[in-house]
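# Coordinates in review
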Amino acid sequence: MVAAIEVRGISKRFGTLQALEDVSLEIGQGEFFALLGPNGAGKTTLISILAGLARADRGQARVMGYDIRADYRQARRALGVVPQELVFDPFFTVRETLRIQSGYFGMRGNEAWIEEIMEALDLGSKANVNMRLLSGGMKRRVLVAQALVHKPPVIVLDEPTAGVDVELRQALWEFIRRLNGDGHTVVLTTHYLEEAEALCGRIAMLKLGRVVALDTRANLVRKPHSLNLRLRLSGRLPAELAARDHGRGGGEHLLRLREYAEVEPTLTALRSAGCVIEDMELEQPDLEDVFLEIMRRPEAAVAGAA
Amino acid sequence: MIGFRTLFYKEVLRFRKVLTQTVAAPVLTSLLYLLVFSYLLEGRMRVYDEVAYSAFLVPGLVMMSMLQNAFANSSSSLIQSKITGNIVFVLLPPLTYWEFFAGYVLAAVVRGAAVGLGVLAAAWIFVDLPLRHPAWILGFAFAASALLGALGLIAGVAADKIDQVAAFQNFLIMPMTFLSGVFYSIHSLPPFWQDVSHLNPFFSMIDGLRVGFFGRSDVSPLASMGVAFASLGIVSGIALAMLKSGYKLRF
Ligand SMILES: Nc1ncnc2c1ncn2[C@@H]1O[C@H](COP(=O)(O)OP(=O)(O)OP(=O)(O)O)[C@@H](O)[C@H]1O
Ligand SMILES: [Mg+2]
């Protein structure tokens, strides 16, 4: 089966700034994929290149097997992009916007599907309202609807939940999850790492234009360490444990353990040092821990990981 | 094909939604020119011996308003879309650069035609105007609106700011229009300026349009038609090359 998205050795420079450096990744059909990275990492640039909005200096990319340059018409038909910026055309109503977008993709008689996405995104009551008069969250929904209007097999959402209230966020994810369940490939960028963790099967992390991590969510979260032991103590942490403390101070300690078998010896060490445990929590590290850890690595390690 | 038709429809709908600004206002402006200039100059100037100055003025004003509005349609649509960012809506779909070109330029032709017809209709109330060869009128009206639509597309794509489009309009389009014989027959000019005027494609188009009304002109209408379509060909070629390369649109 052909990959939904295939990126090979893509580089892009803006003046002296290397926005993307030799980026390669492959996303299979039906995946729910997250593209993560701090501000300026190059996520939007990569999406723009896939969508034909920007041109790579080097490298190739395909969407559903179609080369984004040679077969740009098929590639674009296969791709639905929700842009990061909240853009809209102030001349038109919601329904006009969706009909027009549908026509650009060569579709006619698309009314039933347009009604369905408006329904799913709760835009029905705003169908004949001018875009100018919508709230930010409503405009965001229209952007999502516009990306879906031609039923693309691959959907890319660039921070779709920025500035969106909790209710819409839930509704949006439910809808996107349903699309993914129907076989659409979904790629998303977000700064809310819990979202990525809850939704995505595989994750790529970008830093300064390079891929610094690419793995399944489960593997990523397992990799550096597998358990966080949070403690609040009366008394000082014994020296051999203090060296491994990642806590924020103020009597709060965070010890990273590789496996459950380490819990026992740790507690023994505490007891023999005369510490009294006031509070204790044993938790799985989350994606945020992993993300921060990867982003903090020095440049050399980053280059090596890529 | 559906992509092109949709873009064309959207561009027409866009100016239809603000008709007072896009059609009524330019018609009123032309009417004011007509009333003021014909009041001032009627009787002092006769053109081609038998044509009254007020009648002579009408085709020039029709052409001038078509030129300006065709240019304004494509240039303002594009620059606004670029500045607000909604240009992505036409860049993401699988539109070819031909469809893109034809959509914007033909919508500009429709706007030019709407304004031109409006000016003509309003002028007919005040001025007695013959109509000798409607086919020339249609031909020159199309060539002129398409040429300016394509120029507007180039300006809209190339500009980064609205002032740059305005500069294009004020320092190129306006002088070329005013120096093309809207308000006078170039036979009233000194020989040197007559020669210069012959090189101005706007002159050819205005002069050609007059043939349609009066059956008379300064230059042979076939030669004028040749100039008009040659200019359209060159400008369209530049516009298409820009669109094909993605210049200023796909970074
Ligand atoms: N058109 C452009 N011209 C010049 N520099 C650009 C352009 N677009 C992006 N950049 C730069 O390229 C780098 C990557 O930007 P990009 O928008 O891809 O980041 P991002 O990962 O999407 O960030 P964010 O999370 O803030 O959206 C940034 O340093 C940005 O300033
Ligand atoms: Mg971004």
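Residues numbered from 1 in each chain as written. Chains lettered and ligands numbered in written order. Predicted model: local features only at pLDDT ≥ 70, side-chain atom pairs only at ≥ 80, totals over all residues. Heavy atoms only, no water.

Time to look at the interface of chain A and chain B. Listed per partner, the contact involves 32 residues of chain A and 32 residues of chain B. A combined buried area of about 2800 Å² lies between chain A and chain B, and 64% of that area is made up of carbon and sulfur atoms. For chain A, the biggest contributors to the area lost against chain B are Leu53, Phe91 and Tyr104 of chain A; these three give 29% of the whole. The shortest N-O distance in the salt bridge between glutamate 96 of chain A and lysine 17 of chain B comes to 2.6 Å. (Contact = heavy atoms within 4.5 Å. Buried area = accessible area lost by both parts, 1.4 Å probe. Salt bridge = Lys/Arg side-chain N within 4 Å of Asp/Glu carboxyl O.)

In terms of burial, helix H3 (residues 94–104) of chain A is a largely internal element, nine of the 11 residues being buried. Those residues of H3 of chain A that sit buried are Val94, Arg95, Thr97, Leu98, Ile100, Gln101, Ser102, Gly103 and Tyr104 of chain A. Buried residues in H3 of chain A make contact with helix H4 (111–120) and helix H5 (136–148) of chain A together with helix H1 (2–16) and helix H4 (88–91) of chain B. (Buried < 20%, exposed > 50% of the residue type's maximum accessible area, 1.4 Å probe, protein only. Helix = DSSP H or I, 4+ residues; strand = E, 2+ residues; numbered from the N terminus.)

One pass over the full model with this rule turns up 15 aromatic pairs over all chains. Centre to centre, the rings of phenylalanine 37 of chain B and phenylalanine 183 of chain B are 4.6 Å apart; their planes meet at 20°, and the pair counts as stacked. With phenylalanine 37 of chain B in helix H2 (residues 19–41) and phenylalanine 183 of chain B in the loop between helix H7 (162–178) and helix H8 (191–198), this residue pair connects regions lying 146 residues apart in the sequence. Given a relative accessible area of 26%, phenylalanine 37 of chain B falls into the partly exposed group. Taking relative accessible area as the criterion, phenylalanine 183 of chain B reaches 9% and is therefore assigned buried. Aromatic side chains phenylalanine 100 of chain B and tyrosine 104 of chain B sit 5.0 Å apart centroid to centroid with 45° between the ring planes, which places their arrangement in the tilted category. Pair noted here: phenylalanine 100 of chain B and tyrosine 104 of chain B are both in helix H5 (residues 97–126), with a separation of four residues, about one helical turn. Classification of phenylalanine 100 of chain B as buried rests on a relative accessible area of 5%. An aromatic cluster is defined as three or more aromatic residues linked by ring pairs; in this entry it consists of Tyr33, Phe37, Phe178 and Phe183 of chain B. A cation over an aromatic ring shows up here: lysine 139 of chain A above the ring of phenylalanine 88 of chain A, its NZ or CZ 4.5 Å from the ring centre. (Phe/Tyr/Trp six-rings, centres within 6.5 Å; stacked < 30°, edge-to-face > 60°. Lys NZ or Arg CZ within 6 Å of the ring centre and 35° of its normal.)

Around a metal, the perfect tetrahedron of four donors has angles of 109.5 degrees, and the perfect octahedron of six donors has angles of 90 or 180 degrees. Around the magnesium ion (ligand 2), the protein contributes the donor atoms Thr44 of chain A (OG1) and Gln84 of chain A (OE1), which lie 1.8 to 2.1 Å from the metal centre. Taken together, the residues threonine 44 of chain A in helix H1 (residues 43–51) and glutamine 84 of chain A in the loop between strand E6 (79–82) and H3 connect sequence positions 40 residues apart. (Donors = N, O, S within 2.8 Å, 3.2 Å for Na, K, Ca; no water.)

Below, the discussion takes up the packing of helix H6 (residues 134–158) of chain B against helix H10 (residues 221–245) of chain B. Residue and element names in this part refer to chain B. With their axes 9 Å apart at the nearest point, H6 and H10 run at an angle of 25° to one another. One finds that H6 runs roughly parallel with respect to H10. Crossing hand, H6 versus H10: left-handed. Here the contact of H6 with H10 is built from residues that sort into 23 nonpolar, four polar and no charged. (Axes fitted to C-alpha atoms, helices over the stretch in contact; angles between N-to-C directions. Parallel < 35°, antiparallel > 145°, perpendicular 65-115°, else oblique. Left-handed = near helix turned anticlockwise from the far one by under 90°. Nonpolar A, V, L, I, M, F, W, Y, C, P; charged D, E, K, R; others polar.)

A separate point is the domain arrangement of chain A. When the domains of chain A are assigned, the result is domain 1 (5–220) and domain 2 (227–284). Centre-to-centre separation of domain 1 of chain A and domain 2 of chain A, based on C-alpha positions: 43 Å. (Domains from an automatic or database assignment.)

Below, the discussion takes up the site of ligand 1. All names here are of chain A. The environment of ligand 1 is made up of 14 residues, and the closest members are Asn39, Gly40, Lys43, Thr44 and Thr45. Interatomic distance of 3.4 Å between a side-chain N/O atom of glutamate 159 and an oxygen atom of ligand 1. Surface burial for ligand 1 is 65%, taken as the share of its 640 Å² of free accessible area covered by protein chains. Where the shell around ligand 1 is concerned, the elements lending two or more residues are strand E2 (17–27) and H1. A total of three residues in the shell around ligand 1 trace back to one element, the largest contributor, which is H1. Its residues placed into classes, the shell around ligand 1 shows five nonpolar, seven polar and two charged. (Near = heavy atom within 4 Å. Polar contact = N/O pair within 3.5 Å; in protein donor to acceptor, adjacent residues only side chain to side chain. Areas by Shrake-Rupley, 256 points an atom, 1.4 Å probe, with all protein chains shown as cover.)

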